[in-house]
Amino acid sequence: MKEYKGYLFDIDGTILLGNTIIPGAKEKIEELRKAGKKIRFFTNNSSKTPESYVEKLDKLGIKTQLKEIITAGIVLLDYIQKQYRDKNIFIVGTEEYKNLYRKMGINIIDNIKDFNNHKIDILIVALDTELNFKKIEIACKLLQKNILYFAANEDLVYPIENKVFLPDCKALCNMIELCTGKQPIYFGKPNNIILEYALTSLFLKKEEVVIVGDRLYTDIACGNLNNCDTILVLTGEGTITEKSIYKPTYIFDSIKNI
């Protein structure tokens, strides 16, 4: 296997399953750090803040710095802050995620009484573990007018313990598309914008970095579409028999085998 200066590790299905650390993950991260490798945790999960991930990983024994956490939600927030910070936004997402926008002074509107005369400029959909039918109803009604529509990531599901999978951001967007015919612009893996954000954080070139993840259509696709090497681990969603146009550079049973 080629030597890399930087590792972009997916979290759910690669490092963790729900609140359980995958055996050997802590030791492998420590081994790479001791070897002088740069680490970033490179996740499409948009329900949590980087601070929450630092706290969660620390509790599980993986000491992490805030700068090492890169989420699709943060990349989308960065884009909104630079391009649309004066706009009114409705978010299908957790309160934790919405509070990131509020802290930046971005106007988040939760209650809409008149859909014929609403002032919403942008609809954002993220992984929402607090989802209710009302949020989906509002999103569908908002898209009857020509507003901007962004979403954090293209994951259909995310894995937790015991090989159970739960709906992720794209599953929510698919529901909305069935009702409205409209699709969002996505910001997470496999899109180039999140990889460039990570490379800038690492101060490395993509040929010096490898993406490690459990999904072919996001993690491995991110590498394939952007000419970056990849490692597929078999502890999450992806399987060795899964048919896909996206092919990993390497396949390992688990992160501990890298």
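Residues numbered from 1 in each chain as written. Predicted model: local features only at pLDDT ≥ 70, side-chain atom pairs only at ≥ 80, totals over all residues. Heavy atoms only, no water.

1. A word on the pattern of salt bridges
Move 1: Using the criterion set out here, one finds 18 salt bridges in the structure.
Move 2: Notably, a salt bridge pairs R33 with E68, separated by 2.6 Å at the nearest N-O pair. Within this pair, whereas R33 is found in helix α1 (residues 25–34), its partner E68 is found in the loop between α2 (50–59) and β5 (69–71), the two being separated by 35 residues in sequence.
Move 3: Taking the relative accessible area as the measure of exposure, R33 reaches 29% and is therefore partly exposed.
Move 4: In this structure E68 comes out as buried when scored by relative accessible area, which is 5%.
Move 5: Each of the salt bridges in this network shares a partner with another, and the network as a whole consists of E95, K98, R102 and D110. (Salt bridge = Lys/Arg side-chain N within 4 Å of Asp/Glu carboxyl O. Helix = DSSP H or I, 4+ residues; strand = E, 2+ residues; numbered from the N terminus. Buried < 20%, exposed > 50% of the residue type's maximum accessible area, 1.4 Å probe, protein only.)

2. Observations regarding the packing of helix α3 (residues 72–83) against helix α4 (residues 95–103)
Move 1: At a minimum axis distance of 11 Å, the contact between α3 and α4 shows a crossing angle of 30°. In terms of orientation, α3 lies roughly parallel with respect to α4. Considering how the two elements wind past one another, α3 and α4 form a crossing that is right-handed. Of α4, the residues touching α3 (which contributes G73, I74, L76, L77 and I80) are Y97, L100 and Y101. (Axes fitted to C-alpha atoms, helices over the stretch in contact; angles between N-to-C directions. Parallel < 35°, antiparallel > 145°, perpendicular 65-115°, else oblique. Left-handed = near helix turned anticlockwise from the far one by under 90°. Contact = heavy atoms within 4.5 Å.)

3. What to know about helix α8 (residues 216–225)
Move 1: The buried count for α8 comes to seven of 10 residues, which makes it a mostly enclosed element.
Move 2: Turning to α8, its buried residues are L216, T218, D219, I220, A221, C222 and G223.
Move 3: Taken together, the buried residues of α8 touch β4 (38–43), α7 (192–202), β13 (209–213) and β14 (229–233).
Move 4: N227 occupies a position one or two residues after α8 and carries a positive phi of about 55°.

4. Quick look at the sheet that holds strand β6 (residues 88–92)
Move 1: Reading across from one edge, β7-β6-β8-β9-β12 is the order of the five strands in this open sheet, with parallel pairing throughout. The outermost strands of the open sheet, each flanked by one partner alone, are β7 (107–108) and β12 (185–186).
Move 2: Strand contacts of α3: β6, β8 (122–125) and β9 (148–151), with the helix running at about 150° to β9, the strand carrying the most contacts. (Pairing = 2+ DSSP bridges.)

5. Here's the deal with the side chain of T49
Move 1: By the secondary structure assignment, T49 is in the loop between β4 and α2.
Move 2: By relative accessible area, which is 8% here, T49 ends up buried.
Move 3: In contact with T49, other than residues within four places in its own chain, are E96 and L100.

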